[in-house]
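Listed below are the residues making up each chain.
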Amino acid sequence: MIEAVENHMPEVILVDEIGTEAESLACRSIAERGVMLIGTAHGELLVNIIKNHILCDLVGGVETVTLGDDEARARRCQKTILERKGPPTFPFLIEMRERNYWVTHRTERSVDMLLHGKKPLVEVRKRDDQFKVVIERWKAYDGDGI
């Protein structure tokens, strides 16, 4: 994939079934070079990607952070928490729940909220009986927490 970017300078790259650490790193490298990247990865919910040590870099990665006493009190949380390491490779993430039912995340915001035990606001898209897409904006996410 990286050779394709270096040799052919594409505007868009599509990657199906990102599943290895090398593919994940290549996707991050490609996205950092300004190429539009569209990819798929296996995981039922965003939480599955966050918990997968190979794929979590696609959503920014996760690290354990130890807070000082004052910071933990200010945040009203434990001293050891999970935080996103960096920017996500993909700014948007779509969960395909069913053939006609999708949940769209703003990746950075959703990952941060899930790591802090909150439900992010998402966009839900469903196709009705006439095959028209119905969009419900900013609903509370119904996926499992971390």
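Residues numbered from 1 in each chain as written. Predicted model: local features only at pLDDT ≥ 70, side-chain atom pairs only at ≥ 80, totals over all residues. Heavy atoms only, no water.

Q: Just give me the short version of the pairing of strand β8 (residues 133-140), but keep the residues and values in it.
A: Note that strand β7 (residues 121-127) and β8 share six bridges and pair antiparallel. Across the sheet, residue V124 finds its bridge partner in β8, namely E136. Taken together, β7 and the strand that follows it, β8, pair antiparallel across an intervening segment of five residues, in which F131 is found at a positive phi of about 65°. (Pairing = 2+ DSSP bridges. Helix = DSSP H or I, 4+ residues; strand = E, 2+ residues; numbered from the N terminus.)

Q: An account of the environment of P91 is requested, with residue identities and associated values reported.
A: Here P91 lies in the loop between β4 (80-84) and β5 (92-98). Exposure remark for P91: the relative accessible area of 54% places this residue in the exposed category. Residues P91 and L58, spaced 33 residues apart in sequence, show a C-alpha to C-alpha distance of 9.6 Å. Excluding its chain neighbours within four sequence positions, the residues that come into contact with P91 are H105, R106 and T107. (Buried < 20%, exposed > 50% of the residue type's maximum accessible area, 1.4 Å probe, protein only. Contact = heavy atoms within 4.5 Å.)

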